[in-house]
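So the chains spell out like this:
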Amino acid sequence: MGDNEKRMRDEASQEALGAAEARGVVTALDRYESQQPQCRFGKQGICCRLCSMGPCRAITTAKGEKIGVCGATADTIVARNLLRMIAGGAAAHSDHGRDVAHTFLLMARGEAKDYGVKDEVKLRQMAAEYGVETEGRSSQEIALSLAETALAEFGQQEGELKLAARAPERRQEVWRKLKVMPRGIDREIVECMHRTHMGVDMDYRNILRHGVRTALSDGWGGSMIATDLQDVMLGSPLPIRAKVNLGVLSEEKVNIVVHGHEPILSEMIVEASREPELLKLAEERGAKGIQLSGICCTANEVLMRQGIPSAGTFLQQELAIATGAVEAMVVDVQCLMPSLPEAARCFHTELITTSPKARMPGVRHIEFDEAEGFDVAREIVRAAIEKFPERDKETVNIPKHTMDLVAGFTAEYVFRMLGGSFRPSYRPLNNGIIEGRLRGVAGVVGCCNPNMQPVDYGHVEMVKELIRNDVLVVQTGCSAIACAKEGLLAPEAAFQYAGRGLQEICEAVGIPPVLHVGSCVDNSRILAACCEMVKEGGLGEDISELPVAGAAPEWMSEKAVSIGMYVVGSGIFTVFGTPLPVEGSPAVNEYLTKGMAAELGATWAFEKDPIAAAQMMIEHMNEKRTALNLRPMMYEEREAAAAT
Ligand code: SF4
Ligand code: MSK
């Protein structure tokens with residue numbers, strides 16, 4: 001295995017990397033190495049190719065400035081590039097939200113017969129927030145009005161996004177004062193593209209403030225709509241036990257791996273994989289059943305609602321294929337490696353694209369159609385089954401590693417669990433913080449990146465350091481999967497890794513010290529939880545007063561940048577592992593890491609060492625605790641007293 005131990009942290013991936021090498025599968029880690037050294041100008045964000053007078057590089061040196069042909073400075077170029085990243089990330093999340101809202105509309109019209117309203121309570125709550133009349137109306141009628149109102153927010157030109165009203169009044173005032181309250185979702189994204197066209201916005205602060213506005217339209221708009229309508233239509237998650245890592249693939253069953261981000265089709269694939277007729281067909285083809293698993297956030301979606309195991313993170317997608325045991329990898333949108341067809345060609349694996357927005361040359365395409373959701377899913381499952389006889393059993397190499405976890409935590413149902421079923425409220429969570437059992441809450445989210453090796457190290461070490469210091473951790477995306485592989489999302493982790501105060505709370509309520517709250521769009525659940533904490537009282541009037549922090553130790557995608565910006569914009573201090581590509585502009589860097597505090601009550605920070613980053617978050621929580629006049633941490637105080 002040799003060097004693979006230095007490349008990826010978990011043993012399953014180390015073994016699979018070995019198997020991939022043996023079968024000639026080139027992975028992202030190999031290609032990352034072949035890209036070294038990577039472009040310094042790109043890394044610093046100072047390369048501009050917005051018009052054909054360029055490409056230009058703007059460099060700030062001690063001797064002066066090298067500026068673009070048009071006269072653009074490094075500050076302008078760096079800020080424009082960052083804004084375009086935010087636009088890309090916000091567009092991805094929000095287009096996901098739009099598609100969910102569209103399916104919701106078809107469902108309400110009776111044109112998507114396989115979907116229905118599964119969470120009536122949440123439907124009515126959302127209807128109230130959107131000002132939709134519920135009195136005397138059927139859930140179908142309410143759903144129709146809600147779908148139309150939510151869809152209208154994408155093209156809304158003025159006013160404020162409805163769900164932004166969930167934020168504490170103080171936060172809304174901050175946004176209005178700074179003129180960053182999002183007006184409409186598409187509008188903010190389009191404006192990013194306009195402002196960054198050659199010769200438009202040149203003031204880096206003005207550019208980045210629009211970045212905040214656009215990102216807020218993602219977090220409090222597109223992503224929040226996606227999460228909430230998915231919950232209504234597919235059911236709100238509840239705590240559920242499951243397994244994670246490549247070992248969830250089966251040697252004896254047909255393996256279908258769903259990958260990407262959207263759960264609308266994959267929920268149907270779950271149902272189809274349980275259909276007796278298809279199970280019989282699998283048996284006829286020599287398999288002992290159908291094993292469904294997932295990669296990335298489609299995995300998180302079906303894990304949260306159905307307990308379907310996760311085969312792994314973003315950087316395990318090629319490794320899953322390299323086991324030689326995958327009959328079909330079914331992809332929808334986002335975080336799909338363009339290398340997948342090449343990897344699949346080494347085996348019998350059928351790669352199947354399903355979205356008209358995300359096709360791959362030479363790859364089988366079975367297009368998803370909301371009106372025929374279940375039938376499309378059946379066709380996909382059947383295609384996978386038919387591949388089983390082609391599996392070369394001699395060369396199958398599934399690493400035998402899995403880990404147990406509990407997933408399915410949401411802002412509405414599960415933090416309230418802390419209050420028990422008789423008095424469900426956030427009071428016990430707030431009290432835990434006020435009394436000094438819990439230091440605070442951290443959201444640790446985001447991707448895996450070959451530029452942070454061994455991969456997963458950043459997530460795991462950061463989270464261990466946080467829970468050791470009595471910080472309750474909530475997670476989404478690949479970060480959640482990375483920590484689940486380490487066993488941190490199992491209730492037993494509290495006894496092994498958590499500080500005493502956190503341990504007591506976990507024990508009393510029966511929760512792990514690290515809570516899986518879902519996929520990338522479900523970071524909106526973390527915002528919702530922060531709002532509930534403020535509403536519950538005793539921890540200040542605004543999110544920026546809470547002892548909370550955010551982090552993405554191994555981020556890679558534009559979506560992560562949008563998430564980071566809306567988390568900071570919501571008042572939460574946020575640490576990224578590798579820096580944003582802004583180091584070419586000391587002014588932009590300074591604004592993000594210091595200047596934003598005066599405007600938004602929060603800043604960015606960049607720290608590659610996950611333990612140092614966790615300490616920054618802990619320090620931040622301590623400062624917030626002091627500002628709120630909270631008690632010292634209970635056990636630290638007792639230990640200090642005992643020592644004197
Ligand atoms: Fe160069 Fe200015 Fe054109 Fe950018 S917009 S490529 S800096 S000339
Ligand atoms: S899947 S965006 S690699 S978290 Fe949401 Fe993972 Fe990052 Fe994709």
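**Student:** Looking at this structure, I do not really get the site of ligand 2. What am I missing?
**Tutor:** With respect to spatial proximity, 13 residues lie near ligand 2, and among them His261, Cys335, Cys447, Cys478 and Cys520 are the closest. Of all the secondary structure elements, the ones that give two or more residues to the shell around ligand 2 are α13 (296–306) and α19 (477–485). Counting contributing residues, the shell around ligand 2 receives three or more from each of domain 2 (246–395) and domain 3 (411–643).

**Student:** Looking at this structure, I do not really get the packing of helix α5 (residues 74–109) against helix α23 (residues 558–569). What am I missing?
**Tutor:** When two helices pack together, you describe them by how their axes are tilted relative to each other and by the distance separating the axes. Running from N to C, α5 and α23 cross one another at 95°; their axes reach a closest spacing of 7 Å. It follows that α5 is roughly perpendicular to α23 by the angle criterion. Of α23, the residues touching α5 (which contributes Leu82, Arg84, Met85, Ile86, Gly88, Gly89, Ala90, Ala92 and His93) are Glu558, Lys559, Val561, Ser562, Ile563 and Met565. In the contact of α5 with α23, the residues fall into eight nonpolar, four polar and three charged.

**Student:** Teacher, can you tell me more about the site of ligand 1 here?
**Tutor:** In the vicinity of ligand 1 lie 13 residues, with Cys48, Cys51, Gly54, Cys56 and Cys70 positioned nearest. Partitioned by chemical class, the residues of the shell around ligand 1 number 10 nonpolar, two polar and one charged.

**Student:** Looking at this model, I keep getting lost on the pattern of salt bridges. Mind explaining?
**Tutor:** When charged atoms on two side chains of opposite charge get close, those side chains can pair. Scanning the model with the defined rule gives 57 salt bridges in all. Taking the shortest distance from any N to any O, the salt bridge between Glu129 and Arg166 comes out at 2.6 Å. Residue Glu129 is located in helix α6 (residues 120–129), and its partner Arg166 is located in the loop between α7 (139–155) and α8 (169–178); the two are separated by 37 residues in the primary sequence. With its nearest N and O atoms 3.1 Å apart, the salt bridge here joins Glu390 to Lys387.

**Student:** Got a minute to help me understand the pairing of strand β17 (residues 573–576) in this structure?
**Tutor:** Along a regular strand, successive side chains alternate from one face of the sheet to the other. Along β17, one buried face is formed by Phe573 and Val575 and the opposite face, lined by Thr574 and Phe576, is buried too. By the bridge criterion, four bridges tie strand β16 (residues 548–552) to β17 in an arrangement that is parallel. Looking at β17, one finds that Ala551 is bridged to Val575. Regarding the hand of the β-α-β motif, the stretch spanning β16, α23 and β17 is right-handed. By the bridge criterion, three bridges tie β17 to strand β18 (residues 604–606) in an arrangement that is parallel. Across the sheet, residue Phe576 finds its bridge partner in β18, namely Phe606.

**Student:** When you look at unusual backbone geometry in this model, what are you seeing that I'm missing?
**Tutor:** Leaving glycine aside, a negative phi is the common case for residues, and trans is the common case for peptide bonds. The peptide bond linking Gln36 to Pro37 adopts the cis configuration, its omega dihedral lying at -10°. With respect to the helices and strands, the residue Pro37 is situated in the loop between α3 (28–34) and α4 (40–44). For the bond running from Gly54 to Pro55, omega is 5°, close enough to zero to count as cis. On the secondary structure map, Pro55 appears in the loop between β1 (47–48) and β2 (56–57). Positive phi outside glycine occurs at Gln334, with the angle close to 75°. When you line up the elements, Gln334 lands in the loop between β9 (328–331) and α15 (340–345). Given the relative accessible area of 17%, Gln334 is considered buried.

**Student:** What am I meant to see in the packing of helix α10 (residues 204–234) against helix α22 (residues 523–536) here?
**Tutor:** One can describe the packing of α10 onto α22 by two numbers: an axis separation of 9 Å at closest approach and a directional angle of 95°. As summarised for this structure, α10 and α22 are arranged roughly perpendicular, according to the angle between their axes. Of α22, the residues touching α10 (which contributes Gly219, Trp220, Ser223, Met224, Thr227 and Asp231) are Ser524, Arg525, Leu527 and Cys531. Split by residue class, the contact of α10 with α22 holds four nonpolar, four polar and two charged.

Reading guide: rules and limits
Residues numbered from 1 in each chain as written. Chains lettered and ligands numbered in written order. Predicted model: local features only at pLDDT ≥ 70, side-chain atom pairs only at ≥ 80, totals over all residues. Heavy atoms only, no water. Near = heavy atom within 4 Å. Helix = DSSP H or I, 4+ residues; strand = E, 2+ residues; numbered from the N terminus. Domains from an automatic or database assignment. Axes fitted to C-alpha atoms, helices over the stretch in contact; angles between N-to-C directions. Parallel < 35°, antiparallel > 145°, perpendicular 65-115°, else oblique. Contact = heavy atoms within 4.5 Å. Nonpolar A, V, L, I, M, F, W, Y, C, P; charged D, E, K, R; others polar. Salt bridge = Lys/Arg side-chain N within 4 Å of Asp/Glu carboxyl O. Buried < 20%, exposed > 50% of the residue type's maximum accessible area, 1.4 Å probe, protein only. Pairing = 2+ DSSP bridges. Right-handed = clockwise from strand over helix to strand, strands pointing away.

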